[in-house]
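Overview (structure and organization)
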Amino acid sequence: MSSDKIIQVTDADFDEKVLKNDLPVLVDFWAAWCGPCRAIAPVIDQLADEFDGKVVIAKMNVDENPATPGRFGIRAIPTLILFKDGNVVEQITGAVGKTVIENALSKVA
Amino acid sequence: MIHDLVIVGGGPAGLAAAIYAGRAKLEGFILEKMSPGGQVLITDLVENYPGFPEGITGFELVEKLSAHAQKFGFGVKNGEVQKIESEGENFKLILTDDKIVTSKTVIVATGATHRKLGVEGEERLTGRGVSYCATCDGPFFRDQVVAVVGGGDSAVQEAVFLTKFAQKVYLIHRRDELRAIKVLQERALSNEKIEFIWDSTVEAIEGKDQVESIRIYNKKSGEVTNLPVDGIFIFIGIEPVTGFIRDLVNTDERGFIKTDEWMRTSIKGVYAAGDCRLKPLLQIVTAVAEGATAAYAVEHDLS
């Protein structure tokens, strides 16, 4: 029941959908074997609805897409990276409460 | 409206309390900042929860507990409590989004979180080789060399788990013997991929953008060595998540909440259950028992 506002990104379309996006993009790097990734999923869903039209919320499965996590030195999940104009604005590692993510998004929204 | 009961935290203690509260037809809900589960979610395999002789994954156990709680109508709402204040006979829960929830009773079941080493490089390299969750991050260290810090159940269990991925696992412990339960010790001691570094503490974590090495201090010899590793997993115990209520109820100096055997805290109407409570054994089996007892106490005290 993930929000329909969330887009899925892959190694193949990451540059186009994330780096070249006109809006800021929050990418949630996750995998099926990661408990805390599941724990924050409902928070990510809510944020996708709340920031609709202001920040794009994207998910990338690190199991299926190893290149992009490697490119950003990701060695822990969940990792959330907020991109704006192709640059990393903020990186959040580990499961955090909604407020922490909300504060980061509010800075760019 | 004023609720009968609000349970803060949706780990095993909170979910068990919800099962008993739901069956007692108490009105209220669980407040959970993420989705239910708590620390169990980062556990690979739960081997000591009675009734599951083959073990059960942390995932599955959480799913079963959540489904069980939902069945009796005591739901879960998303929210993070930043402070609890007493207001006459009731309690005012102030959430991080400044919303306010008022309830006659509160069960604090917020559990605990991992302790940090507090050394140079730890914060900066978190997510870049420093990890507190082997099940989450182990697969990033395939064929690499990692260190595990700690000597308790979690450290030893996760060190064994990490041998599935890493080519070598150093287990660094500040004493000369493990504190972990025997069955886990035996598994680690007989695992060829695990090398023990006794009597030692980690002084610093080094690396430019990724963990490259750690500085180790041997307490017996006084020797300081630099150990090249690709990752470091830290399991040196937990600290209770009770900052939001320490002004209200009695705790020990570390913040664990003191209760009587009904799970009542020093403040009438506030109860505590699970890992946030001061007790000798921090396990899922004790958490669920305390959740049940706390809900029973609420029912008893409200009637």
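Residues numbered from 1 in each chain as written. Chains lettered and ligands numbered in written order. Predicted model: local features only at pLDDT ≥ 70, side-chain atom pairs only at ≥ 80, totals over all residues. Heavy atoms only, no water.

The next subject is the domain arrangement of chain B. One widely used convention gives an interface's size as the accessible area the parts lose upon coming together. Residue and element names in this part refer to chain B. Structurally, chain B comprises domain 1 (2-114 + 238-302) and domain 2 (130-234). Between domain 1 and domain 2, the C-alpha centre-to-centre distance is 32 Å. Contacts between domain 1 and domain 2 engage 7 residues on the former and 9 residues on the latter. Roughly 640 Å² of surface becomes buried between domain 1 and domain 2 when both sides are summed, with 46% attributable to carbon and sulfur atoms. Three residues stand out in domain 1 for area buried against domain 2, namely Ile 42, Asp 44 and His 114, and they jointly supply 66% of the buried area on that side. Across the contact surface, domain 1 and domain 2 share 1 salt bridge. Between Glu 47 and Arg 187 there is a salt bridge, with the nearest N and O atoms lying 3.1 Å from each other. (Domains from an automatic or database assignment. Contact = heavy atoms within 4.5 Å. Buried area = accessible area lost by both parts, 1.4 Å probe. Salt bridge = Lys/Arg side-chain N within 4 Å of Asp/Glu carboxyl O.)

To continue, consider the packing of helix 4 (residues 153-162) of chain B against helix 5 (residues 182-189) of chain B. In a pair of packed helices, the angle between the axes and the distance between the axes together describe the arrangement. Residue and element names in this part refer to chain B. It is the contact of helix 4 with helix 5, at a shortest axis distance of 9 Å, that shows an interaxial angle of 35 degrees. Crossing of helix 4 against helix 5: the hand is left-handed. Contacts between helix 4 and helix 5 involve Asp 153, Val 156, Gln 157 and Val 160 on the former and, on the latter, Leu 184, Gln 185, Arg 187 and Ala 188. (Axes fitted to C-alpha atoms, helices over the stretch in contact; angles between N-to-C directions. Helix = DSSP H or I, 4+ residues; strand = E, 2+ residues; numbered from the N terminus. Left-handed = near helix turned anticlockwise from the far one by under 90°.)

Next up on the list: the packing of aromatic side chains. The full count for this structure, using the stated rule, is 9 aromatic pairs over all chains. For the pair Phe141(B) and Phe233(B), a centre-to-centre distance of 5.4 Å together with 75 degrees between the ring planes defines the contact as edge-to-face. With Phe141(B) in the loop between helix 3 (134-137) and strand 11 (145-149) and Phe233(B) in strand 17 (residues 231-234), this pair connects stretches of sequence that are 92 residues apart. By relative accessible area, which is 1% here, Phe141(B) ends up buried. Pairing Phe196(B) with Trp198(B) gives two aromatic rings, centres 5.0 Å apart and planes at 5 degrees, and the pair type is stacked. The residue whose ring lies beneath Lys54(A) is Phe51(A), and the NZ or CZ to ring-centre distance is 5.7 Å. Taking NZ or CZ as reference, Lys77(B) lies 4.3 Å from the ring centre of Phe29(B), over its face. (Phe/Tyr/Trp six-rings, centres within 6.5 Å; stacked < 30°, edge-to-face > 60°. Buried < 20%, exposed > 50% of the residue type's maximum accessible area, 1.4 Å probe, protein only. Lys NZ or Arg CZ within 6 Å of the ring centre and 35° of its normal.)

Let us look at the environment of Val62(A). Relative to the assigned elements, Val62(A) resides in the loop between strand 3 (56-61) and helix 3 (67-71). Overall, the relative accessible area of 8% leaves Val62(A) in the buried class. When the C-alpha atoms of Val62(A) and Asp11(A) are compared, they prove to be 9.4 Å apart, with 51 residues separating the residues in sequence. When near neighbours in sequence (up to four residues on either side) are disregarded, Val62(A) contacts Phe29(A), Trp30(A), Ala31(A), Trp33(A), Pro69(A), Ile77(A) and Phe140(B).

A word on the state of the cysteines. This structure, assessed with the given rule, holds 2 disulfides over all chains. Disulfide pairing is shown between Cys34(A) and Cys37(A); the S-S distance is 2.2 Å. Where Cys34(A) bonds to Cys37(A) through sulfur, the torsion about that S-S bond is close to 85 degrees, and the disulfide is right-handed. We note that Cys34(A), like Cys37(A), is buried. Between Cys133(B) and Cys136(B) runs a disulfide, and the two sulfur atoms are separated by 2.2 Å. Torsion about the S-S bond of the Cys133(B) and Cys136(B) cystine: about 70 degrees, corresponding to right-handed handedness. (Disulfide = S-S within 2.5 Å.)

This part takes up the sheet that holds strand 3 of chain A. Residues and elements named next belong to chain A. Across the sheet, 5 strands lie side by side as 1-3-2-4-5; this open sheet has mixed pairing. The sheet is open, and its two borders are formed by strand 1 (7-8) and strand 5 (87-93), each paired with just one other strand. With 6 bridges joining them, strand 2 (residues 25-30) and strand 3 adopt parallel strand pairing. Bridging across to strand 3, Asp 28 finds its partner in Lys 59. Here helix 2 (residues 35-50) sits on the sheet in contact with strand 2, strand 3 and strand 4 (79-84), set at roughly 155 degrees to strand 3. (Pairing = 2+ DSSP bridges.)

All names here are of chain B. Judged by side-chain charge, Arg 115, Arg 174, Arg 175, Arg 179 and Lys 219 come together as a positively charged surface patch. Tracing the sequence through the fold places Arg 174 in the loop between strand 12 (168-172) and helix 5. By relative accessible area, Arg 174 is classed as partly exposed at 43%. (Patch = residues over 30% accessible without salt bridge, like charges linked within 9 Å, V, L, I, M, F, W, Y side chains within 5 Å. Areas by Shrake-Rupley, 256 points an atom, 1.4 Å probe, with all protein chains shown as cover. Lys, Arg positive; Asp, Glu negative; His and termini not counted. Charge placed at Lys NZ, Arg CZ, Asp CG, Glu CD.)

This paragraph deals with the interface of chain B and chain A. Listed by partner, the interface residues are 24 residues for chain B and 25 residues for chain A. Interface area for chain B against chain A, summed over the two sides, is near 2000 Å², with a carbon-plus-sulfur share of 55%. When the area that chain B buries against chain A is broken down by residue, the three leading residues are Met34(B), Phe59(B) and Phe140(B), summing to 30%. At the surface where chain B touches chain A, the tally comes to 1 salt bridge.

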